[in-house]
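Below are the chains, spelled out letter by letter.
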Amino acid sequence: MSSSAAETSSMFYSIILPSTIHNKMLRIPLKFVGQFGDELSSIAKLAVPDGRVWQVGLTKFGRKIWFDQGWQNFVESQSISAGYFLLFKYEKNSIFRVLIFDMTACEIDYPYEDDMACEMCVEISEEQFKHEAELLSRKRKMEDGLERDEPNAEPDLLVSLRKSGIYITEKYKELYSTEELERAVYIARAFKATNPKPNPLFMIIWKANDKPCREVYAPARFAYQYVDEDSKSVEVQAPSGRKWSLGIHWRATGGFFLAKGWAGVSDYVHLTEGDICIFELVRHRDVVFKLHVFHQ
């Protein structure tokens, strides 16, 4: 593995959902846990760019790990709220460097705390963390509470995408994992940040389908607002500039599928399971989409 690939694999990001704030804990992505979970101790250290460090307990249950005891103190000290996203860079020995971005996709100005408050945030004994984490773990297992941050994750994320002006179909939402939707929100916000006044657009999380003409669906809400229902075809432009004219198939309930010709586009841009595509409507009258591809 190259050094750049290794660096990327030791990083992850997380969207802060309303349920995350309510539950006062944050789950670490399974992919990261699979690679580094065995070397994490019962306490992690979270370091922000101004040099301050928080000790946060880790609750482990099977292959799942949560930032738990002390997480709420970190959230409150940094004024983190729903809609923020955090980038974690793992530096071994259970130390994470954390960058915090607000809902405008800009990094925050890290709040100042005096030396006494900062010193108190790291002077918590390991014994205390272990004891409190054990008690909390027992309680949550009895209440089956360790899963409580997951059921509301998808609706929260879909709402976040809509508020960002990104249309994504909810027709196949059961096919999307929470991690895929978190990545979609991150990409949507990054795209909006670099394109302050983007054209109308919709997004798909690419899933292989036994019917290739059903792989790309333009949501009804998007189609109704921006595409004439008499349209029979659209043009799609790849990042390289190559263009395709694709037939479209309207659904009786609204929205349309990209039909004949899409298989050639997907092969050309090398789409694989989980890739994210943004279709940006760059010309309305003759319906021309610019395709932006974000590979896994």
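Keep in mind it's a predicted model, so treat the numbers as computed, not measured.

Student: What is the right way to read the sheet that holds strand β12 (residues 256-258) from this model?
Tutor: Hydrogen bonds between backbone groups are what pair the strands of a sheet, and the pairing can be parallel or antiparallel. If you trace the seven strands from one edge of the open sheet to the other, you get β8-β13-β14-β10-β11-β12-β9, paired in mixed fashion. Only two strands of the sheet have a single neighbouring strand rather than two, namely β8 (201-205) and β9 (217-218). The sheet contact formed by strand β13 (residues 276-283) and strand β14 (residues 288-294) spans seven bridges and is antiparallel. Its bridge partner lying in β14, I276 is registered against F294.

Student: Please clarify how the nonpolar core should be interpreted in this entry.
Tutor: What tends to happen in soluble globular proteins is that the nonpolar side chains get buried as a cluster. Ranked by internal contacts, the top residues of the largest apolar core, which has 29 residues, are F67, W71, F74, L86, F88, F96 and I100. For this core, the secondary-structure elements that each account for two or more residues are α3 (30-36), β3 (43-47), β4 (53-61), β5 (64-67), α4 (71-77), β6 (85-90) and β7 (95-101). In contact with I100, not counting residues within four places along its chain, are V48, F74, Q78, I80, Y84, F85, L86, C106, E107, I108 and Y110. Counting residues in hydrophobic clusters, the runner-up holds 27 residues, among them I204, W206, V236 and L258.

Student: Please explain the packing of aromatic side chains as it appears in this structure.
Tutor: Two measures describe an aromatic ring pair: the distance that separates the ring centres and the angle between the ring planes. If you walk through the whole model with that rule in mind, you get 25 aromatic pairs. Ring centres 5.6 Å apart and planes at 40° place the aromatic pair W71 and F74 in the tilted group. Here the residue W71 and the residue F74 both occupy positions in helix α4, the gap between them amounting to three residues, near one helical turn. Residue F74 is classed as buried on the basis of its relative accessible area of 0%. Look at Y217 and F257: their rings are 5.1 Å apart centre to centre, the planes differ by 50°, and that puts the pair in the tilted class. Taken together, the residues span a long stretch of sequence, with Y217 in strand β9 and F257 in strand β12 at a distance of 40 residues. The class for F257 is buried, based on a relative accessible area of 3%. In textbook terms, an aromatic cluster arises when at least three aromatic residues are bridged by ring pairs, as seen for F12, F32, F36, W54, F67, W71, F74, F88, Y90 and F96.

Calculation rules
Residues numbered from 1 in each chain as written. Predicted model: local features only at pLDDT ≥ 70, side-chain atom pairs only at ≥ 80, totals over all residues. Heavy atoms only, no water. Pairing = 2+ DSSP bridges. Helix = DSSP H or I, 4+ residues; strand = E, 2+ residues; numbered from the N terminus. Core = buried A, V, L, I, M, F, W, Y, C linked by side-chain atoms within 4.5 Å. Buried < 20%, exposed > 50% of the residue type's maximum accessible area, 1.4 Å probe, protein only. Contact = heavy atoms within 4.5 Å. Phe/Tyr/Trp six-rings, centres within 6.5 Å; stacked < 30°, edge-to-face > 60°.

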